[in-house]
Each structure stands twice: as structure tokens, then as C-alpha cells.
Amino acid sequence: MNTPNPIEVSSSQPPLAASSKRLVPWLIAVAFFMESLDTTILNTAVPTMAAALHVAPLSMKSVLASYTLSLAVFIPISGWMADRFGTRRVFASAIGIFTLGSFLCGVSSNLHVMVAFRILQGCGGSMMVPVGRLTVVRTFAKSELVRAMSFVAIPGLIGPMLGPIAGGLIVGYFHWSLIFFVNIPIGIAGLILVYMHLPDYREPTNPLDVSGLILFGSGVALLSYVLEVFGEHTLSGREILSLLAISMALLAGYGFHATKTTFPMLNLILFRIRTFRAAVGGTFLTRLGIGGIPFLFPLLYQVGLGFTPIQSGLLMMPQAIAAMSLKVIMPRILARFGYRAVLVSNTLIIGVQILLFATIGMGSPVWLIVTEVFFYGFFTSLQYTSMNTLVYADVSESQESSASSIASTVQQMAISFGVASASLVTAFFVPDRHTSGAAEFIHGIHRAFLVLGGMTLLSTIVFRELKKGDGDAVSQRTEVHTG
């Protein structure tokens, strides 16, 4: 029996109302902001929460790790869920579960209950980013995708900037539970607007690949756990290597399984597409360097230079301001130069910028720090927008959900790898963090910047695989040259 494609059916009917179409990026952006703010605002409150729950601060690691593990397990099935139940229902459910999890975390009275509710919160968060991106991809034509994605990406930069400031203010003047309650009014408003204005896209679905979900979910969850505890002394080196080997075996098992099953959970055939392969591979490698910067800057500002948490947060805000103020220029840059030229040159620029961060020290004027961070914010935002949109350049409509799931899974793992690599490099250059003085700490972080900058420079190799015309349908580069 031929089942009509809901996307095709909707395109033959009156198109999505212009007002609703304009609201789609805002709805997705608000959800992204809520999620990106959550982790950074929570980090600031960890010592206070540990005292209130009568546990050691190190024990609070499980509160942070449980959320990451939940993301790693459930992101891979987000595309299937959206196709099966519709983007509106799944995205609204994600916001609702995330908001409910936030409320329950705020009223938790002990650590174990909070961990359980953080897992619930992660179930909702795991659906927000991939289903949100998928909705944007299906709402806007490829020629409009860069502009829409550049807008949606901004909250991912604003949240981590505002998090330390908001967390510091809440812990300093209010009860720690307000950290979680901040999400509630945003989530309720988002739910109402999603049901009113978010389009409901569906695709015919195949049976859920349960075996693949178990193999891949277990492998990714175990790998995420290893990255969370990497560099700490809770596990021995042998135990970490053993867990790493098991996770790699599970992921390899999924790779073998995916080639043998008719309907794999994640369609690895997509990696045969050059633009998709470069975008996903480039996202992973680039974030190994970039992903550690939000971890290093607070350490440099607070431990090395002696700034307060609020001052530290304010010094990181120019990155978000640059992303917002220059978002209009980004589509023009891609249209003028194309993906290959932008990604290769932009990655080199970011690598050099990270190397220059190693010059920030005790005598650095604030205006110089603000200037460096501002330009870094612009080029990293251009990088994220370029990589996120290139993912969909050559995939078909039926492959979009799988592409979104794979890209989001890789991005989540890359963020974890980035923080772990930054933590490891810093620990290597600052062997004793308890007795080292500010000068020694600054020197160690400078060395870490040099290593991460070098890693970023090397990641340009993956973008050299792109050809000159790749992604022109998205960047509109052909239109610029022929018009």
C-alpha cells in the first residue's frame, strides 16, 4: 500500500502561515537556550547544593553525569520518534519532560532522587536539539537554511555565557532550587506556543531497531561515563581503559549490526555522502579544540587572574554578543565564498585565535581580552552554523531525521571529548592544582591553549575533502555568481 508522504501532502496544500514560519526559529531557539543554560547555571551552584544535600562536592558529579548519560542514550532515537509521532508532539513532549524534570530536581531532598530526576530531564533534553533542527530543516528551503540555522544557534552560545552570572546571583541571593525553577515559566510558555505554531511533520517509519538501540545506546552511554570521570581519581587507569575497550566493542558491534539489518537505527550509509561526512567529522574534530575553551576560560579568569564568578561571566559575554550582532553577515559570507573556503580558512583562524589566548595574563588590559573574545565568538558562530547546515546539503527528505540524529549524537560526544581533553591537558601542565600559585596556574592554562589551538589547526584536514561547489544549494553561492 502506498502511504502518502506527509511532507509532500502539506506542500500541495496552503503553505505554512508566514507568521508561524517566522515563529519556528524562535520556538526552537528558546528550547535550545533553556537546555544550554541548564548545565552552566548548575555548575556554579554545585558547592551550595552539596552542602544543602549533606554530601561531598565531588559526589555532585553524578548529578552532572546522569544528565549527559541520558542525552547519549536517547538522542539516537530522536529522529525515529519525530518521524513516527510527529515533530510537534515529540518537541512539545521534550519541553514538557525537561520542564517537569527541572521542577522535580528543584524539590529533591536527597542526591539519589535528584540523579533520577536529572535522568528524566535528560530524556527531554535529548529530543530538543535533533528534533528542533529537523523541524527547521523541513520548514525552510535549503536556500533559507543558513539564515534560519544561524539564528537558532545563538542560544547555544548565550546560555553558557549567562549561566555563570545567573548561577552566581541565584546562589548568592536566593535558594539554590531556583536554579531549576528558572526553566519552568520558559517551558510552559514554550509548550503553549509549540502547540499553536510549530508545524507537525511526519514520515513513514520502519520498525524500531531495538538491538541497535541497545548496542549503540550502551556504547555511547559507557563512553560518556568514561569521559565524565576521565582525569579524576575515582577510577584507576586500568579500569578506565577496560570501560573504554567495552564501549568501543559495543559501538563496533553496532557498526557491524547496522550493515546486516534492513532498518538500522542510524543509517551509516549517510557517511558515503561527502558533505555529510565532512560536516560530521569536522564537527567532532573541531570541537576537540573549541569544546574545551568554555572550561578553560573560567579557570583562567577566576583561579589565575582572580576575577569573581560574575566578572568571569561578564568577560565571556562578548562571544554571545558577537554571534548575535553579526548573524546577518554569516549567510553572506557563505554565499560569497562557499563551504570549502569558509570552513578551511575559518578553522585556521579559530586555531590561531586559541593560540593567542595564551597571551592573556596578569597585565592584559580588559579591552584586549574583550576584543579577542568578541572576534572568537564571531568565528566560532560562523563555524557552528556552517557545519550544522552542511550536514543537510545533500541528504534527501527521507534521510533528514537520521542525519539529524547522527549529527546531534556526534556533537554531544564531541563536547564531552572537548571538555575531557581540556581537563586532561590542564592537569598535565598543572600537576598540583591545590598548591600551585596563580602564576603557575596561568602558565599551565596557556600551555593548554597552545595544545587545543594546535588540535584545531589540524582539524582543517577533514574540510579539505570538500570540493569547491559542495553545499552551493544551501549557501546560495551559485546564485551569487550567476546573478
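The coordinates are above.
Small disclaimer: the values here were computed from a predicted structure and weren't measured.

Q: Tell me about empty space enclosed by the protein, and name the residues and values.
A: Taken as a whole, this structure holds two cavities of 30 Å³ or more when the rule is applied. One number sums up the size of the largest cavity: a volume of about 50 Å³. In terms of lining, the largest cavity is formed by Arg133, Ala279, Val280, Thr283, Asn388, Val391, Ala407, Val410 and Gln411. Of all elements in the fold, only helix 12 (274-290) and helix 17 (400-429) reach the threshold of two or more residues within the lining of the largest cavity. Taken together, the residues of the lining of the largest cavity break down into five nonpolar, three polar and one charged. Its boundaries defined by the atoms lining it, the second largest cavity holds a volume of some 40 Å³. If you go around the second largest cavity, the residues you meet are Leu27, Val30, Ala31, Met34, Ile95, Ile186, Gly187, Gly190 and Val194. Broken down by secondary-structure element, the contributors of at least two residues to the lining of the second largest cavity are helix 2 (18-53) and helix 9 (183-197). Residues belonging to the lining of the second largest cavity are distributed by class as follows: seven nonpolar, two polar and no charged.

Q: Outline the pattern of salt bridges, listing residues and values.
A: Scanning the entire structure with this criterion turns up five salt bridges. Asp200 serves as the salt-bridge partner of Arg202, at 3.5 Å between the closest nitrogen and oxygen. Here the salt bridges share partners, and the residues they tie into one network are Asp83, Arg138 and Glu400.

Q: Account for the packing of helix 12 against helix 17, with residues named and values stated.
A: Across the interface, helix 12 lies against helix 17 with an axial gap of 7 Å and an inter-helix angle of 20°. If you check the angle between helix 12 and helix 17, you find them roughly parallel. For the crossing formed where helix 12 meets helix 17, the hand is right-handed. Every residue of helix 17 that contacts helix 12 at Phe276, Val280, Thr283, Phe284, Arg287 and Leu288 is listed here: Ala403, Ile406, Val410, Gln411, Ala414, Ile415, Phe417, Gly418 and Ser421. Grouping the amino acids of the contact of helix 12 with helix 17 by side-chain chemistry returns 10 nonpolar, four polar and one charged.

Q: With reference to specific residues and values, describe the layout of surface pockets.
A: Using a probe with the size of a water molecule, rolled over the atoms, empty space left in the structure can be pinpointed. There is about 560 Å³ of room inside the second largest pocket. The wall of the second largest pocket is formed by 28 residues, among which Asn206, Pro264, Met265, Asn267 and Ser402 lie closest to the centre. Per-class residue counts for the lining of the second largest pocket are 12 nonpolar, 11 polar and five charged.

How each quantity is defined
- Residues numbered from 1 in each chain as written.
- Predicted model: local features only at pLDDT ≥ 70, side-chain atom pairs only at ≥ 80, totals over all residues.
- Heavy atoms only, no water.
- 1 Å grid on protein atoms, 1.4 Å probe; cavity = no way out; pocket = protein on both sides within 12 Å on 5 of 7 lines; lining within 4 Å.
- Points joined across faces, edges and corners; volume = space filled by probe spheres on them.
- Helix = DSSP H or I, 4+ residues; strand = E, 2+ residues; numbered from the N terminus.
- Nonpolar A, V, L, I, M, F, W, Y, C, P; charged D, E, K, R; others polar.
- Salt bridge = Lys/Arg side-chain N within 4 Å of Asp/Glu carboxyl O.
- Axes fitted to C-alpha atoms, helices over the stretch in contact; angles between N-to-C directions.
- Parallel < 35°, antiparallel > 145°, perpendicular 65-115°, else oblique.
- Left-handed = near helix turned anticlockwise from the far one by under 90°.
- Contact = heavy atoms within 4.5 Å.

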